[in-house]
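# Structure assessment
If you want the building blocks of each chain, they are given just below.
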Amino acid sequence: MPGTRYTLEVQPVLPQRLQRLQELANDLLYSWDREVRGLFFRLDSELWESCGHNPKVFLRRVSQKRLNEAAEDRVFMEDFNRVLSVYDTYHQERTQPEILQYLDPKADLVAYFCAEFGFHESFQIYSGGLGILAGDHCKAASDLNIPFVAIGMLYRQGYFTQTIDEHGNQVAHYTPTHFADLPIFPAMNAKGEEIHVEIGLPGRRVMLKVWKARAGHISLYLLDSDLPDNGEADRHITYQLYGGDIDTRIQQEIVLGIGGVRALQAAGLEPTVWHINEGHAAFMILERCREFVAQGLDFDSALELVAANTVFTTHTPVPAGHDIFDQALMTRYFGHKIKKFDISMEQLMALGSTPSSQGGFNMTGLALRGSRFRNGVSRIHGGVASRMAAYIWPQIPPEENPVGCITNGVHVPTFLAREWANVFDMRFGGGWRNELLNEDFWRHIDDIPDHSYWSLHQSLKSEMLEEVKRRVIIQHRRNGTSEALIERYTQYLTPLDADVLTLGFARRFATYKRATLLFSDPARLARLLNDPKRRVLLIIAGKAHPHDLPAQHLIQVINDYSRRPEFEGKVILLEGYDLALARKLVTSVDVWINTPEFPMEASGTSGEKAGINGVINLSVLDGWWGEGYNGENGWGITPHGPHYDSAYRNREEAQELLDILEKLVIPLYYARKGHGYSEGWVRKSKNSMKSLIPRFNAQRMVMDYVRNYYALAKKQHLMMSGNNFARAREVSEWRKRLDHSWPNVSLWRDDSPQTEIRAGEILPLRVAARLSGLHPEDVLVECLVGKESDDGKFSRLDSHIFTTESQNDNGETYFKLDLYPRLPGLQSYKIRMFPFHPALSHRFESGYMIWI
């Protein structure tokens, strides 16, 4: 119709009895409390869906009539008051005694920096796995009530929403966010003034506004450059998550790292532990060093002090995934800051140098050098990260260098289906939420009758199939598909007949995740999906990065397969993958498939989300599944290492995947034996749930950080900062002396090696070293005892430290060890020497080691 269209929002007035709905809408606790979200859903389910599950928008648009009715509805008000009671109790909970062993809520504070946070689909400041993981970390920190604050950026335009057109092309839609729609408010300082901080960019100052969000017990501070005081280009720095060119990227990382430190200062917060979640925030290391240099420390001592309480978590198993800025860019953005660091540009560039980025500045390199506690995010990835970071400690065997691992976990209250939570409440009591770290407790899963267990899952699957059908119809009608064809595409999405084996594959589309591996043998897959006696449905969803054309091509390929007659209605490609769709799929499909190229899956958490809901994993043994698979809780595809040709790997692993489906998965699902369900399937599903809930939840993950990193980082910093930073200065000077002397250090045997002794005898060992100006107390000499395998690999089983025996006038130092072998029979031993200082956070932090 012609003419101008105006919009008008008629906003209701909350009845007095419902005033606290506003409080619930402004606390991100709603993102993991289904009972809170359920209140809004009950008020108006259609509006809740059309508002994108956003409580603030909902409260602006819900009808006055409906609110008035709810305020007089006894049942609703009882539920409302019950939810408020639980909410208030949650906020009144004190820190658990176990946390108090490691952190003091009155003195300690963990500051967690990340470029994205995925709390909920209504709060679009995330793109994928990194953000969801960061959100889960925050939620678990709140549940555990640890002293914790998160720092990120507030994007006007979060990650895109996705549609798929009739040709299988991914179409990215960006919708600017209105801050009034978000559960945020301006952060205030002690004087009650809005917090604004400045950062320096080439030739100008940029002002940042600091916003604050409440998430249960913790706070989230978000930085925003879209202010009238800034130029147009600078206002766009925080406009889009991972948007723009390389200049935008370095500007965003300066905002996050440097601006984040200044925001916390302006808020009056003094973190005792600083956690960098991926390298985007690593410039915070430079900012903190600058502050200590301004207090009179030299840069190297300042770096020792800053690194002492800095934790760095890396999630990227490939060199190409790390941010690298060339020297010209670094000079442009940091050349004017160098004097404040009291170092040269060459020294600054060295902090970010890596073998794979010669002449460039690698943010991961900076994070590794500026932290003393580093970790990968699964056992396998910890090994990968250790090898990738080996250049920092070139003489240390990668398996012994200071990169550890903490396997990612998922937030159970967020991703466990409401129906399972209700069953647990009924059978185990509400206390099960406090047993997430107790593996023995979860054996009670076996107490749930098999038929009840199966029925609940089938009910969840029925609801999911109904939602999938709704989405498929919308998708195809928009694309102009005929009703007859839509009928064929949805013919097997029958909620009233959910007894169809449903396979799920949903995640970020990247080429290494090999979304098309299932289609490596289309004829065989078609045969499996088209058996009329054993029906199988495959549901696929996922987004590709807007600039990742090869990954977008995979979506086109799958779309083409889904339209083939043999796959019509059996292969469902869904658009619009987001947190809401993920929650629906991981709770209700039967099998969760993951086919990453080993060892490219740092952790992967979608399978964890599925597994805690009793969905059975069928995955390559990579990432978390490499340690989660126990032979009884799913199926594992044996990976072929990167030394194999990729075509061969794909062919072999695809064949094993289809073999498992044909010979194990499908027969087990349909092995009914007189029951209406498969007893073997229920047993494996229960094994999935009871083995994964206690080991792969976010509370376990955060407690691992508290025990293994946060507590140690706090202690390390206290030691380094005492007596006017005396230890930091001492270690800095010791390192300089070490760097000067170690190239001339040598070690050799000063005895004749014996090849055999009698049981009970002592093996005397004597070595000599030229320490080149170092003192005997600056080194340790160690004997490793172990066995040698048939392929010549040495396995360490024991170790012993030599004592200093004497020194001579030639500058030679002698060390001795009376070795009493604790192993019988044939064995091997090796001798090595490495630097030692009692203030090192890790015994091999120096990176130096020599062997005889």
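Residues numbered from 1 in each chain as written. Predicted model: local features only at pLDDT ≥ 70, side-chain atom pairs only at ≥ 80, totals over all residues. Heavy atoms only, no water.

### Description of the overall build of the chain
- When its secondary structure is counted, the chain shows 29 helices and 28 strands.
- Here the C-alpha atoms of the chain give a radius of gyration of 29 Å, agreeing with the 29 Å that 2.2 N^0.38 yields for 852 residues.
- Taken over the C-alpha atoms alone, the chain extends approximately 95 × 70 × 50 Å along its principal axes.
- Across the 852 residues that make up the chain, the buried fraction comes to 58%.
- A separation threshold of at least 6 residues defines the contact pool for the chain, and within that pool the share at least 24 residues apart is 73%.
- Per element, the accessible surface of the chain, about 35,000 Å² overall, is 50% carbon and sulfur.
- For the chain, the distance from the average position of its 95 positive side-chain charges to the average position of its 106 negative side-chain charges is 2 Å. (Helix = DSSP H or I, 4+ residues; strand = E, 2+ residues; numbered from the N terminus. Rg over C-alpha atoms; globule rule 2.2 N^0.38 Å. Buried < 20%, exposed > 50% of the residue type's maximum accessible area, 1.4 Å probe, protein only. Contact = heavy atoms within 4.5 Å. Areas by Shrake-Rupley, 256 points an atom, 1.4 Å probe, with all protein chains shown as cover. Lys, Arg positive; Asp, Glu negative; His and termini not counted. Charge placed at Lys NZ, Arg CZ, Asp CG, Glu CD.)

### Details of helix H12 (residues 299-308)
- Extensive coverage of H12 is indicated by the burial of 9 of its 10 residues.
- Taken together, the buried positions of H12 are occupied by Phe299, Ser301, Ala302, Leu303, Glu304, Leu305, Val306, Ala307 and Ala308.
- Two to three positions downstream of the cap, the backbone nitrogen of Asp300 sits 3.3 Å from a side-chain oxygen, assigning the N-cap of H12 to Asp298. (Polar contact = N/O pair within 3.5 Å; in protein donor to acceptor, adjacent residues only side chain to side chain.)

### A short note on the packing of helix H10 (residues 246-266) against helix H11 (residues 283-294)
- At a minimum axis separation of 8 Å, H10 and H11 run at an interaxial angle of 45°. On the basis of the axis angle, H10 is oblique to H11. Read as a crossing pair, H10 and H11 show a hand that is right-handed. Contacts between H10 and H11 pair Ile250, Glu253, Ile254, Gly257, Ile258, Val261, Arg262 and Gln265 from the former with Phe283, Met284, Glu287, Arg288, Arg290 and Glu291 from the latter. (Axes fitted to C-alpha atoms, helices over the stretch in contact; angles between N-to-C directions. Parallel < 35°, antiparallel > 145°, perpendicular 65-115°, else oblique. Left-handed = near helix turned anticlockwise from the far one by under 90°.)

### Details of the packing of aromatic side chains
- Throughout the structure, instances matching the rule amount to 43 aromatic pairs.
- Centroid distance Phe424 to Phe428: 5.3 Å. Interplanar angle 25°. Geometry classified as stacked. Taken together, the positions of Phe424 and Phe428, both in helix H19 (residues 418-428) and 4 residues apart, correspond to about one turn of that helix. Note on accessibility: Phe424 and Phe428 belong to one class, buried.
- With 4.9 Å between their ring centres and 80° between their planes, Phe834 and Phe844 make a pair best called edge-to-face. Of this pair, Phe834 sits in strand S27 (residues 828-835) while Phe844 sits in the loop between S27 and strand S28 (850-851), placing them 10 residues apart in sequence. We note that Phe834, like Phe844, is buried.
- An aromatic cluster is present here, built from Trp420, Phe424, Phe428, Trp432, Phe441, Trp442 and Tyr453 joined pairwise through their rings. (Phe/Tyr/Trp six-rings, centres within 6.5 Å; stacked < 30°, edge-to-face > 60°.)

### Considering the sheet that holds strand S25 (residues 803-807)
- Strand order in the open sheet made by the 4 strands is S21-S22-S26-S25, with antiparallel pairing throughout. Edge positions in the sheet fall to strand S21 (746-749) and S25, since each has one partner strand and no second. Averaged over all neighbouring strand pairs, the angle between strand axes comes to 30°, with direction disregarded.
- As defined by bridge partners, S25 adjoins strand S26 (residues 812-819) across 4 bridges and the pair is classed as antiparallel. Across the sheet, residue Thr804 finds its bridge partner in S26, namely Phe815. (Pairing = 2+ DSSP bridges.)

### Some points on the pairing of strand S15 (residues 501-506)
- Within S15, 6 of the 6 residues are buried, which leaves the element mostly enclosed by the surrounding structure.
- Here S15 shows two buried faces, one formed by Leu501, Leu503 and Phe505 and the other by Thr502, Gly504 and Ala506.
- In the sheet, S15 pairs with strand S16 (residues 536-541) via 6 bridges, with the strands oriented parallel. Following the sheet pairing, Thr502 is matched in S16 by Leu537.
- In this fold, the crossover linking S15 to S16 by way of helix H22 (residues 522-529) has right-handed handedness.
- Direction of pairing for S15 relative to strand S18 (residues 591-594): parallel, over a ladder of 2 bridges. For Leu503, the partnering residue across the bridge sits in S18 and is Val591. (Right-handed = clockwise from strand over helix to strand, strands pointing away.)

### As for the side chain of Ser688
- Relative to the helices and strands, Ser688 resides in helix H28 (residues 679-692).
- When neighbours within four sequence positions are excluded, Ser688 is seen to be in contact with Gly611, Gly614, Val615 and Asn633.

### What to know about the environment of Gly128
- Structurally, the position occupied by Gly128 is in the loop between strand S1 (110-113) and helix H8 (129-144).
- Along the primary structure Gly128 and Arg508 are separated by 380 residues, whereas in three dimensions their C-alpha atoms are 6.8 Å apart.

Scope: geometric values only; no functional claims are made or implied.
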